[in-house]
Amino acid sequence: EAQVTQNPRYLITVTGKKLTVTCSQNMNHEYMSWYRQDPGLGLRQIYYSMNVEVTDKGDVPEGYKVSRKEKRNFPLILESPSPNQTSLYFCASSNGPSYEQYFGPGTRLTVT
Amino acid sequence: SQQGEEDPQALSIQEGENATMNCSYKTSINNLQWYRQNSGRGLVHLILIRSNEREKHSGRLRVTLDTSKKSSSLLITASRAADTASYFCATDPLEGAQKLVFGQGTRLTINP
C-alpha cells in the first residue's frame, strides 16, 4: 500500500531535549516536505527536499533541521525544542512540488 | 505570505444540501489543488485543476477556476455526514519557491 508513515504519532517532551520525528515513503517520490499546522495559521512549510542530499528552507525553518540521506526517508530534527514548537506536524511526499501531495498521518508534539 | 484564502471559514449545512467553498489567491499559478482533512488527520488530495482548465469534476465534487479573478470554488453536491471535514485549497505559484501554498481552510459540518 502506497503510504507516508510518521513516528511517533504523539510526543510530549520537555524544553531542550533533542528529538527526531521520522518520515518514510514507499512511493519512490523525489520530493518530500515537512509542514506544521497551528490553529488560525493553517499549514506552513518548514523544509522541503527536491531529492537526496538536496534540502531547502520553507516558510518557518527556525529551530528545525532535516536530512535526506536516502530517497525514502526525511527525518525532522528539533535540536532544542521550545514550547512554541508545540504543534501538529505533517510529512508529505510527491513526484514534485506541483503534483498531488501524499500526507502522513501527523505527529502531535507538545513541548512543556 | 498567505496565497490562498478560503471563504467561508466555517460552513454548516443539512445532509443532502450542496456545499460551496471559495478560494482566492494573489499571484499567477500553474495549478490549484483541493485537499480534505478529517479532524487531526493527514490531508487527502481531492482534485487538481490546471491554470488552463476552467472546470473539473470528480464524483460529487466540482471545481471551477477563474484565473482572471484569481479564484476557485469547490462544490460538493448531495452532501453526506462523512463529508464533514476541513477543506483546503493549495496553489502552485508560477514563480518563486517550489512549493504548494495552502490556505487556512474551510471547516464544513454536515448535520444529519
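Rules behind the numbers
Residues numbered from 1 in each chain as written. Chains lettered and ligands numbered in written order. Predicted model: local features only at pLDDT ≥ 70, side-chain atom pairs only at ≥ 80, totals over all residues. Heavy atoms only, no water. Disulfide = S-S within 2.5 Å. Helix = DSSP H or I, 4+ residues; strand = E, 2+ residues; numbered from the N terminus. Buried < 20%, exposed > 50% of the residue type's maximum accessible area, 1.4 Å probe, protein only. Contact = heavy atoms within 4.5 Å.

Asks: Got a sec to walk through the state of the cysteines? Specific residues and values, please.
Replies: Residue and element names in this part refer to chain B. Tallying each qualifying case throughout the model produces two disulfides over all chains. One disulfide bridge connects C23 with C89, the sulfur atoms lying 2.0 Å from each other. In this structure, the disulfide formed by C23 and C89 twists by about 65 degrees around the S-S bond and is classed as right-handed. Here C23, found in strand β3 (residues 19-24), pairs with C89, found in strand β9 (residues 85-93); they are 66 residues apart in sequence, far enough to count as distant. With a relative accessible area of 2%, C23 lands in the buried category. Exposure remark for C89: the relative accessible area of 0% places this residue in the buried category.

Asks: I'd like a description of the environment of Q45 of chain A, backed by residues and values.
Replies: Looking at the secondary structure, you find Q45 of chain A in strand β5 (residues 42-51). Considering only alpha carbons, one finds Q45 of chain A and P61 of chain A, 16 residues apart in sequence, at a separation of 8.0 Å. If we skip the residues at most four places from it in the chain, Q45 of chain A touches Y31, S33, W34, Y35, G58, D59 and V60 of chain A together with K99 of chain B.

Purely geometric numbers; function is a separate question.
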